[in-house]
Amino acid sequence: MDSLPAKKAPRLPAAAASANGDSPESPAGSHVEWCKQLIAATISTQLSTAAVPDTISKDYRVFRRPDLRVLRDGNKLAQMEEAPLFPGEAIKAIAKDVTYICPFIGAISGTLTVTEYKLYFKSVERDPPFTLDVPLGVVNRIEKIAGIQENSCGLEIVCKDMRNLRFAYKQEEHGKLEIFENLTQFAFPVSKNLPLFAVKYKENYPVQGWKVYDPVAEYKRQGLPNESWTISKINSNYELCDTYPSVVVVPTSVKDDDLCKVAAFRTRGRIPVLSWIHPESQATITRCSQPMVGPNDKRCKEDEKYLQTIMDANAQSHKLIIFDARQSSVADANKAKGGGYESETAYSNAELVFLEIHNIHVMRESLRKLKDMVYPVIDEAKWLSNIDSTHWLEYIRILLAGAVRIADKIESAKTSVVVHCSDGWDRTSQLTALTMLILDSYYRTIKGFEVLIEKEWLSFGHRFAVRIGHGDENHADADRSPIFLQFIDCVWQMTKQFPAAFEFNELFLLTILDHLYSCLFGTFLYNCEQQRVKEEVQTKTVSLWSYINSQLEEFTNPFYVNYENHVLYPVASLRHLELWVNYYVRWNPRMRPQVPIHQNCKELLTIRAELQKKVEELQREVSNMAVSSSSERASPTHSVSPVQTTV
Amino acid sequence: MLQSGSFRLHSCGPEPAPSSFEMMDRVVGVKLLPGEKVKGEAVNVKKCLWYKQLRKSITGKLLCTNFRVAFVPVETWIPQGPGNGSRILGADDVALSCIDRVVAGTSSRTKVVSASSSLKFQPQELLIHCCDFRLLHFQFEQEARASEIIPLIAQSCQPVSPRDLFVFQYSVEMSNNLDPRWMNTHSDGELYPTQMFETHLDWEIELSRTGAVGWRVSLANERFEVSPSLSKFLVVPRKVLDLDVKRACAYFNEGRIPRWHWHHGGSDLLRMSNFQSNAYTQRDGLSKLEQLLFGGQSKLVIVDLADELPTPAEIQLAYNRLKHLCCYENASPFRDADEKWLSTLEGTRWLECVRLCLKKASEVSSLLSNQCLTVTLQETDDRDLACLVSSLVQVILDPYCRTMQGFQSLIQKEWVEAGHRFSDRFNRLRRTDKEESAVFLLFLDCVWELLEHYPVLFEFTETYLLAIRDSTHILLFRNFLFNCPRERAYAQQSLATDVRVRVTPYTNSWPRSRSTPRDEQVVLKGGFFTREERNCPLPSVWDWSLQFPLEHQVLFRSALYSSDAQLLAQNGTSAHSNTDKGEFPLPRTVYHLTRGVLLVQPQLLPWKNVSVSKKLSRLSQSLESLLELEQPQRIPLSPSLDPASLPLPPIPAPGIRLWKGCYLRWPLEVGFEAAYNLLTALTSQVHWLERRLRQEADRQNTATNGLDHQGNHLTQPPSPVCSNGSDTMETSFTTMLSSATL
């Protein structure tokens, strides 16, 4: 009769490990439970490991390559558990016999390495070796938990990307103390007055990503300037509005003086400027911040005239719709603070619509709840209602529904729209970018989507540094909010509803989100264009698009068909929205796709290319024959390659 | 019975001449099936595209035949809904057997119309709730017509007796090949030859395919004496005599004795019903019973399916809730209730049923893989969840069951021939709702979940699963029509007699060249139907060409699937080649799988059903305490009871989704082609080009031969599947607006 220990040992491949239903998946969360784990982990470390000479870790403080070799000779295990490095990256500290308390597969003992860029944990205990590679940029908060038991020390790292990491190590070893200091130092370089790693990153990519977005070329693509709209240089030195791009499109007929007066009436000088123009109807999307109406219903003649000019630029409609993204009650409350909204009496022919989208704090809270639901333990029986209770999908729905409404006004009613919220850099960016994605197939290509982000988000001053908190240790900052994540989620929902309409795949969106936090690339650093110019981001750092555009085949959707000139209205109904499990629940090893779909898609791409080649060959052959037989002019004029099919 | 000019009742007089079929089609505007007759019609009927919002309506005529309710629009140019590609049913048709409820209404009141009830008011509207979650809504301009056709529809969908079902008339006509249009459909043959398990041979093939040794096909149940609900063919250990098989039936409910269903690696999968309560009193046959149960193994695990799984009644309850959620409100897809969509969805417990079934199947699968033991699934009557779990296990472990041929054979083996009560569970005769249960639909849903997660490992697509699902609602196929093989055999026998009787008048009235009726092949040969049963008059659902043209069948095949011959051949690791089956190894051990734990059962009989009583388990929910409690009895089997190592590991809750392509397909908002179809289109275009190339080459040859080659015009290549995009977006848009206003 076979026998085995009462509890089955999870013998799982580390990275793709899947813990099954009743395996030691700890019901973590409570502090008590965590302490228990910690104690257990430390005991197991003490039992399993011999003392490690201090000198090695000390050597490591001098982070130069030759030292690495010394170490290699010195310790075989360390050699195996050594971290791969990016060009420009250096190791700051190494600690051996650290236990990673994995919520899915239990405690694993290995080596923890901290570099300027990442935290790297590797254990050769398992086969294949278990590795954990976390960019320090994702770290939201680091907590040291000490004194639970003698000699033991715990580290809890709360991440921005929907996971928490827990490590345990023995306290008395001097080297390990440095882990915590190094972690806090390099996870929060901004707070410690250190440079972000992006400026040290020295990879060379064959493609220059900073060249992806050229505002003038983009406006030219839209058919601008034309008789009504002009590319203005008024903000070339960021004097009119410091959070706007240097290149803005404004109505031709409005004088610079008037623009300044409009700027004075709009919060932070964010005047209405053009984002997108319909190629046929000339209906436009303009974006701005709220008017500073204030409690006394102040009016601004120039602003009213300005909006009238925007309306007049579109001959197809005698109306202008102003979409205020906020809840009407909040917009009212803003009046007391000097803000407000356009009254329909002051702005004749304008119609004001509130889209009832909640503010950044609500969104942050919703994501926090969502994280609690998905990490680490999932309540299988209550999964759906738990997701419901976070309202995350409901907020996604409201956003999409808002974008659909705006797009419909442009497309069906041929009416120009003005979109704003309070400052015009959060909800406004979400809405204009989504609307443009709905209306313009160009933005559904990889290049186009990069342009969309560069334009609507980066150049128009979505405050990435503040919203994400790059390198900032103040994790409780109320200005942080997952606004951009929400936008990417909406895009993902659209890709689910129109699987063939987008040139990029899911990995593309995941990569963008990963590097939103990682601080490896300069793309998402800082709050606005002016700051980026000042910090010389383009010369000092690498663009995320350099990385992506150098290996486009990784990010291409094999099913892509160009839906040119097609307006794609996503269905903004909760029954057609889904939680993006591959993002939010991806740290759960059970959620990892067993079949490498990504690999499969790449294979499909090659198959497609082969088939396409075959089609072309056959086509040529057929036409040759048709010509040579000369009895009938039956050359195939009908294009048969669905790859180029334009719907 | 000609009352108002627009409503006619067609007398069911003598059948029209064959040539009149086409004429008939032209008159009624619907392509009728052989044997199908129009029973009544109403003109000037408006079909509403959006119920309640009344956004759009099409005027046309409503027809009721003995097979379907059809709507024929007056203006033919109106873009139709996306056709399902069916040859049998048009986009606006619904089979009578697919009608769930008929509701008549006016602006103020509504009433469910049944066959017996009479309408006490003049209805203006007709609502047809369909089993496939569709909701058809018609408005009548003249109430007189409504009050005639509505009861007719209600009556027509209530069969008076089983023999009333349209399928029998259809089959008689089909077997006589009266209509030349249908003659070729049979000869297309099956694209994916299916083992029907209606013959001895198919079981033998299955035994050798799986590599099972020590088993034989017994004919003990040839006359349905062992069990009336089982197949004629039972696979039992070679050592066990037919006499013992017959004796064993006394131990089991309905005589459903343990019998072999599948072999994997070194293990066998068996199925049986619960022990009779008085079973242990008959101790004499116990050793024979053990032989039957253990097969060639020394370890036996009995999996009690009552444990942890929902009952058929619970499944139906969940299904009804799901139907209510997805169908009855589908007319107004953007209601406020949407806000709580996920919670409401969870409240239906349908997805929970899916999850539990998949979980149980994973448990059983991990038991079977890499072990040498016999796993026996036990259920009260062995006709519902046993079918489901058994087939899921095979889908998980056996790559062959993930091909179309294998999947169809699997359904035949585990459902049709094992006596799943299709007729009762689908409530075909509408006598009582008590037995109705969507067990089979739950199975299809479970397979869809697996397909969603492992698309590369399946030969078929969602479209294929939908086609099977829809076929269950069309009563034309013998597979999903009966409660057990015996019922089918009797029906076919009497039908064969029918055909013989009815052929005579036909041959008198119009002489036919092919005068050999097929029914003559349906004879008893050596006591059981031989392979010729394939030619029996009742068609099989797996003859996909009966329903779908080949162009549509292309969509059944997944473009992502790479058929790896090696994968197909391999069914688990055959490392354990138990060649020595001669002697039963001793000692034997019986285990009992309950709540994910294996417990040693001290003896087979008297069977202590669930050693952990339900009450107890409710008290101590946690597994830990349960384990402690059972510690002395618990003996582990082998180190690897790890579902994660399965080819298709279990799907956690976040991965289990609602099958939107099925349950939400009618309120068509997201109408986009499945991405796979694009690839399929590309492939078919290459084929088209190749064909064209050949044609060109031929033409050149003929040209050089100096022959005339006119009129050899080439057809256009198949257009890509995605061409319907724009329409869909247009229509879906109006609804989007309403969502935005929320």
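Residues numbered from 1 in each chain as written. Chains lettered and ligands numbered in written order. Predicted model: local features only at pLDDT ≥ 70, side-chain atom pairs only at ≥ 80, totals over all residues. Heavy atoms only, no water.

## Considerations on the overall build of chain A
Put simply, the rule reads: The helix and strand labels rest on DSSP assignments: H or I over at least four residues marks a helix, E over at least two residues marks a strand, and numbering proceeds from the N terminus. Type-normalised accessible area, obtained with a 1.4 Å probe on protein chains alone, sets the label of each residue: buried when under 20%, exposed when over 50%, and partly exposed for intermediate values. The contact definition used throughout considers only heavy atoms, calling two residues in contact when any of these lie within 4.5 Å. In these tables, accessible area is a Shrake-Rupley quantity obtained with a 1.4 Å probe, and a residue counts as shielded only by the protein chains included in the view.
A tally of helices and strands in chain A yields 23 helices and 14 strands. Scored against the burial criterion, the 647 residues of chain A give a buried share of 61%. The long-range fraction of contacts in chain A, counting pairs at least 24 apart against all pairs at least 6 apart in sequence, stands at 71%. Carbon and sulfur atoms provide 51% of the accessible area of chain A, an area that totals close to 25,000 Å².

## Here we look at the nonpolar core
Keep this limit in mind: For the purposes of this section, nonpolar cores are sets of buried Ala, Val, Leu, Ile, Met, Phe, Trp, Tyr and Cys residues that join through side-chain atoms within 4.5 Å.
Counting 277 residues, the largest nonpolar core has Phe449 of chain A together with Phe407 of chain B as its most contacted members. In this structure phenylalanine 407 of chain B touches Val395, Tyr400, Cys401, Phe443, Leu444, Val447, Phe460, Tyr464, Leu465 and Ile468 of chain B, once residues within four positions along its chain are discounted.

## Some words on the packing of aromatic side chains
Residues and elements named next belong to chain A. What counts is decided by this rule: By convention, a stacked pair of Phe, Tyr or Trp rings (six-membered ring in the case of Trp) has centres within 6.5 Å and planes under 30 degrees apart, an edge-to-face pair has planes over 60 apart, and any other such pair is tilted.
Applying the stated criterion to the full structure yields 68 aromatic pairs over all chains. For the pair tyrosine 117 and phenylalanine 197, a centre-to-centre distance of 5.2 Å together with 35 degrees between the ring planes defines the contact as tilted. A residue pair is termed long-range when its members are at least 10 positions apart, and tyrosine 117 in the loop between strand E2 (106-115) and strand E3 (118-123) and phenylalanine 197 in the loop between helix H5 (174-187) and helix H6 (215-221) qualify at 80 residues. The same class applies to tyrosine 117 as to phenylalanine 197, namely buried. Relative to phenylalanine 521, the ring of tyrosine 201 lies with its centre 5.6 Å away and its plane at 90 degrees, an arrangement referred to as edge-to-face. Note that tyrosine 201 is positioned in the loop between H5 and H6 and phenylalanine 521 in the loop between helix H17 (506-518) and helix H18 (529-534), a separation of 320 residues in sequence.

## Thoughts on the sheet that holds strand E16 (residues 589-594) of chain B
Residues and elements named next belong to chain B. Put simply, the test is: Two strands are said to pair when DSSP picks up at least two bridges between them. All axes are obtained by fitting lines to C-alpha atoms, using only the stretch in contact for helices, and the reported angles, taken between N-to-C directions, cover 0 to 180 degrees.
With mixed pairing, six strands are arranged side by side in an open sheet as E12-E13-E15-E14-E16-E17. Because the sheet does not close on itself, it has two edges, and the strands there are strand E12 (259-264) and strand E17 (597-601). Within this sheet the neighbouring strands show an average axis-to-axis angle of 25 degrees, counted without direction. Pairing geometry for strand E13 (residues 267-273) and strand E15 (residues 374-379), over six bridges, is parallel.

## Some remarks on the sheet that holds strand E6 (residues 152-159) of chain A
All names here are of chain A. Read from one edge to the other, the open sheet built from seven strands follows the order E4-E3-E2-E1-E7-E6-E5, with strand pairing classed as antiparallel. Looking at the sheet topology across the chains shown, the edges are occupied by strand E4 (130-135) and strand E5 (139-146). Looking at each pair of strands side by side, their axes are set apart by 30 degrees on average, direction ignored. Sheet topology note: the E2/E3 ladder contains four bridges and is antiparallel. Residue pairing across strands places leucine 112 opposite phenylalanine 121, the latter belonging to E3.

## Overview of the environment of valine 456 of chain B
All names here are of chain B. In this structure, valine 456 sits in the loop between helix H14 (439-453) and helix H15 (462-472). A relative accessible area of 10% places valine 456 in the buried class. A sequence separation of 206 residues divides valine 456 from alanine 250, and the C-alpha atoms of the two residues are 46 Å apart.

## Looking at unusual backbone geometry
In the segment running from leucine 224 of chain A into proline 225 of chain A, the intervening peptide bond is cis, with an omega of 0 degrees. Note that the residue after tyrosine 375 of chain A, namely proline 376 of chain A, is joined by a cis bond; omega there is -10 degrees. The residue proline 376 of chain A is located in the loop between helix H10 (360-374) and helix H11 (383-390) in this model. Of note in this structure, glutamate 536 of chain A is not a glycine but carries a positive phi near 50 degrees. For glutamate 536 of chain A, the location among the structural elements is in the loop between H18 and helix H19 (537-540). Overall, the relative accessible area of 41% leaves glutamate 536 of chain A in the partly exposed class. In the Ramachandran plot, glutamate 254 of chain B falls in the positive-phi region, its phi being about 55 degrees despite a non-glycine side chain.

## Here we look at the confidence of the model for chain A
All names here are of chain A. For clarity, the cut-off: Values of pLDDT, which run from 0 to 100, indicate the predictor's confidence residue by residue.
Averaged over chain A, the pLDDT score is 83; the fraction of residues at 70 or greater is 80%. Predicted confidence for residues 1-30 stays below pLDDT 50, and this span has 71 contacts to residues more than four positions away or in other chains. Long-range and interchain partners of residues 42-75, a stretch whose pLDDT sits below 50, account for 41 contacts in this model, where long-range means more than four residues apart.

## Let's talk about the state of the cysteines
All names here are of chain A. How we decide: Pairs of cysteine sulfur atoms within 2.5 Å are what we label disulfides.
Counting across every chain of the model gives zero disulfides over all chains. Unpaired in this structure, cysteine 519 has its nearest cysteine sulfur neighbour in cysteine 159, at a distance of 13 Å. Note on cysteine 528: no disulfide assigned, nearest cysteine sulfur contributed by cysteine 241 at a separation of 8.6 Å.

## So, the packing of helix H11 (residues 385-397) of chain B against H14 of chain B
All names here are of chain B. The condition that has to hold: Here is the rule for angles: anything less than 35 degrees is roughly parallel, anything more than 145 is roughly antiparallel, 65 through 115 is roughly perpendicular, and the remaining ranges are oblique. Working rule for handedness: look at the near helix, and if it is turned counterclockwise from the far one by less than a right angle, call the crossing left-handed; if clockwise, right-handed. Lys, Arg, Asp and Glu make up the charged group, whereas Ala, Val, Leu, Ile, Met, Phe, Trp, Tyr, Cys and Pro make up the nonpolar group; the residues left over, Gly among them, are polar.
One way to put it is that H11 packs onto H14 with a least axis distance of 10 Å and a crossing angle of 20 degrees. Relative to H14, the element H11 is oriented roughly parallel. The element H11 and its partner H14 pack so that their crossing is right-handed. Along the contact surface, H11 presents Leu388, Ser391, Leu392, Val395 and Ile396, while H14 presents Val439, Leu442, Phe443, Cys446, Val447 and Leu450. Its residues assigned to classes, the contact of H11 with H14 comprises 10 nonpolar, one polar and no charged.

## Description of the packing of helix H14 (residues 446-459) of chain A against helix H16 (residues 483-497) of chain A
All names here are of chain A. Interaxial distance between H14 and H16 falls to 13 Å at its minimum, and their mutual angle equals 145 degrees. Handedness of the crossing formed by H14 with H16: right-handed. Residues Phe449, Leu452, Ile453 and Trp457 of H14 pack against Ile483, Phe484, Phe487, Ile488 and Val491 of H16. For the contact of H14 with H16, a count of residues per class yields nine nonpolar, no polar and no charged.

## Focus on the pairing of strand E8 (residues 125-130) of chain B
Residues and elements named next belong to chain B. For E8, the buried fraction is high: six of the six residues fall into the buried class. What you see with E8 is no split at all: Glu125, Leu127 and His129 on one side and Leu126, Ile128 and Cys130 on the other are buried throughout. Examined bridge by bridge, strand E6 (residues 99-105) and E8 share six bridges and lie antiparallel to one another. The residue of E8 that forms the bridge with isoleucine 99 is cysteine 130. Relative to strand E9 (residues 135-140), E8 is paired through five bridges, and the arrangement is antiparallel. Counterpart to isoleucine 128 in the pairing with E9 is leucine 136. The loop that links E8 with its antiparallel partner E9 comprises four residues; one of these, phenylalanine 133, has a positive phi angle of about 75 degrees.

## So, the pairing of strand E2 (residues 38-48) of chain B
Residue and element names in this part refer to chain B. The pairing of E2 with strand E3 (residues 57-65) spans eight bridges and is antiparallel. For valine 38, the partnering residue across the bridge sits in E3 and is threonine 65. Summarising the sheet, E2 and E9 pair through three bridges and their orientation is antiparallel. The partner of valine 45 across the bridge, within E9, is phenylalanine 140.

## A closer look at the side chain of glutamine 290 of chain A
Residue and element names in this part refer to chain A. We count it as follows: Pairs of N or O atoms within 3.5 Å make up the polar contacts considered here, provided that, within protein, one atom can donate a hydrogen while the other can accept it, and that residues adjacent in sequence are counted only when both atoms are side-chain atoms.
With respect to the secondary-structure elements, glutamine 290 resides in the loop between strand E11 (284-288) and helix H8 (301-312). For glutamine 290, a relative accessible area of 6% puts it in the buried group. In this structure the side chain of glutamine 290 is engaged in a polar contact, spanning 2.5 Å, whose partner is the side chain of arginine 326. Leave out the neighbours within four places in its chain, and glutamine 290 touches Phe265, Arg266, Thr267, Arg326, Asn334, Gly339, Gly340, His420, Cys421 and Ser422.

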